[in-house]
Amino acid sequence: DQQVKQNSPSLSVQEGRISILNCDYTNSMFDYFLWYKKYPAEGPTFLISISSIKDKNEDGRFTVFLNKSAKHLSLHIVPSQPGDSAVYFCAASNQGAQKLVFGQGTRLTINP
Amino acid sequence: NAGVTQTPKFRVLKTGQSMTLLCAQDMNHEYMYWYRQDPGMGLRLIHYSVGEGTTAKGEVPDGYNVSRLKKQNFLLGLESAAPSQTSVYFCASSTGTKAFFGQGTRLTVV
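Within every chain, residues take consecutive numbers counted from 1 along the sequence as written. Each chain gets a letter, beginning with A, and each ligand a number, beginning with 1, in the order they are written. Local features in a predicted model are, by the rule used here, given only for residues with pLDDT of at least 70; side-chain atom pairs are given and counted only at 80 or more, and totals for whole chains, interfaces and linings are based on all residues. Based on all heavy atoms of the structure, the side-chain values leave hydrogens and waters out of the count.

Chemist: Looking at this structure, how should I read the overall build of chain B?
Modeler: Across its full length, chain B holds 0 helices and 11 strands. Numbering of helices and strands runs from the N terminus; a helix is a DSSP stretch of H or I covering at least four residues, while a strand is a stretch of E covering at least two. Put simply, chain B runs from its N terminus to its C terminus through helices and strands in the order β-β-β-β-β-β-β-β-β-β-β. At 13 Å, chain B has a C-alpha radius of gyration in line with the 13 Å of a compact globule built from 110 residues. Considered along the principal axes of its C-alpha atoms, chain B spans approximately 35 × 25 × 25 Å. Per-residue accessibility, obtained with a 1.4 Å probe over protein chains only, is compared with the maximum for each type, and a residue is labelled buried under 20%, exposed over 50%, and partly exposed between these values. Taken over 110 residues, chain B has a buried fraction of 47%. Contacts are assigned to residue pairs with any non-hydrogen atoms lying within 4.5 Å of each other. Sequence separation of 24 or more characterises 53% of the internal contacts of chain B that already satisfy a separation of 6 or more. Counted as positive: Lys and Arg. Counted as negative: Asp and Glu. His and the chain ends are not counted at all. Working definition for charges: the position is that of NZ of Lys, CZ of Arg, CG of Asp or CD of Glu. Within chain B, the 7 negative side-chain charges are centred at a point lying 7 Å from the centre of the 11 positive side-chain charges. Radius of gyration: C-alpha atoms only; globule rule: 2.2 Å multiplied by the number of residues to the exponent 0.38.

Chemist: Please explain the overall build of chain A as it appears in this structure.
Modeler: Across its full length, chain A holds 0 helices and 11 strands. When its helices and strands are written in sequence order, chain A yields β-β-β-β-β-β-β-β-β-β-β. In summary, chain A has a C-alpha radius of gyration of 13 Å against a globular reference of 13 Å for 112 residues, a match within 12%. With respect to the three principal axes, the spread of C-alpha positions in chain A is 40 × 30 × 20 Å. Burial analysis of chain A (112 residues in total) assigns 45% to the buried set. Within chain A, contacts between residues at least 6 apart in sequence are counted, and of these 55% link residues at least 24 apart. Placing the 11 positive and 9 negative side-chain charges of chain A at their respective mean positions leaves the two points 3 Å apart.

Chemist: Which parts of the structure should I look at to understand the interface of chain B and chain A?
Modeler: How big an interface is tends to be reported as the loss of accessible area on association of its parts. Listed by partner, the interface residues are 19 residues for chain B and 18 residues for chain A. Here chain B and chain A share an interface that buries about 1600 Å² over both sides, 61% of which is from carbon and sulfur atoms. What gets called buried area is simply the loss in accessible area from a 1.4 Å probe that two parts show on being joined, summed for both. If you sort the residues of chain B by the area they bury against chain A, Leu43, Thr97 and Phe101 of chain B come out on top, with a joint share of 30%. Salt bridges are defined by distance alone: a side-chain nitrogen of Lys or Arg within 4 Å of a carboxyl oxygen of Asp or Glu. In this structure, the connection of chain B to chain A is made through 0 salt bridges. Pairs of N or O atoms within 3.5 Å make up the polar contacts considered here, provided that, within protein, one atom can donate a hydrogen while the other can accept it, and that residues adjacent in sequence are counted only when both atoms are side-chain atoms. Applying the counting criterion to the chain B and chain A interface returns 2 residue pairs in polar contact (both at pLDDT 80 or more). Of all elements in the fold, only strand S4 (31–38), strand S5 (42–49) and strand S10 (99–101) of chain B reach the threshold of two or more residues within the side of chain B that touches chain A. Broken down by class, the residue content of the side of chain B that touches chain A amounts to 11 nonpolar, 7 polar and 1 charged. Throughout this entry, Asp, Glu, Lys and Arg are counted as charged residues, while Ala, Val, Leu, Ile, Met, Phe, Trp, Tyr, Cys and Pro are counted as nonpolar. The remaining residues, Gly among them, count as polar.

Chemist: Explain the nonpolar core here, please?
Modeler: In globular proteins that are soluble, nonpolar side chains generally tend to be buried together. Residues Val4, Phe33, Trp35, Leu73, Leu75 and Tyr88 of chain A are the most contacted members of the largest nonpolar core, which totals 24 residues. Secondary-structure elements contributing two or more residues to this core are strand S3 (19–25), strand S4 (32–38), strand S5 (45–51), strand S7 (62–67), strand S8 (72–77), strand S9 (86–94) and strand S11 (106–111) of chain A. Among the elements that make up this core, the one with the highest residue count is S9 of chain A (4 residues). If sequence neighbours within four positions are ignored, Leu73 of chain A has contacts with Leu21, Asn22, Cys23, Tyr25, Phe33, Trp35, Val64, Phe65, Leu66 and Cys90 of chain A. Take the buried residues of types Ala, Val, Leu, Ile, Met, Phe, Trp, Tyr and Cys, join any two whose side-chain atoms come within 4.5 Å, and each joined set is a nonpolar core. Within the second largest apolar cluster, 19 residues are counted, among which are Tyr32, Leu34 and Val87 of chain A together with Phe101 of chain B.

Encoded structure:
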C-alpha cells in the first residue's frame, strides 16, 4: 500500500522555465510534508517542508503547495536551473509516529 | 561537521554471508532510520529507532535486524544475505521532523 505516490517517474523542463513536481498521499493522519533532492551517489538532502496548518511555503526559487482536501502537494521551482537536475522525493509524516514515508521519486532534467 | 556517516560505502557479499552496516550521527538526534532505495520503489523504511535502546519495524523489516546500544550509533545487520537484498542503503537521523541522510551503502549480493 503506497501511502505517498509520485506518479511521474521523470520530468524534463527547459532552463529558465517552471518545474512542477507532484505528489499525492492517502493517509489523512499525515501532518507534515517534505521534499528531498538527491544527486547520484549521494544521500538525499532536505529541500523544503510544509506543515498541514499551511497551504504554501516559499524558500527562494522553491515553493511547496499543499491541498489537504485533495491530499496533494506540489513543488514549484522557478526559474529552473541546470543544477536542479536530480531525483526529487516527496515525504510525509505523522509527527506522532515519527516515521517519514517516501514517494517513488521523480527524476527532473533541466535542459539548456 | 560530519552529520551522518555510513560505513562501508560499498560491499559485495555472497549469498548466505552476514554483515553489519554502521551508521553514526553527531547531531545528538533521538531518531534514527534505515532505508533501502530500489529502482522505481523510492525509499522504503526497514527499521527505525526513537531513542537509545529502542527499535521498531518499518515497511520492509524481513531479513534485517538492528540495534541502538548507543544514541549516536544505529547498526543494521543481515544475518544471511540474499540477492533480493541487493540495494542502496541509507541511514538517517532526525529531531522528529527533518531527517538528515548519510551518503549511502551500495550492497550487492551475488
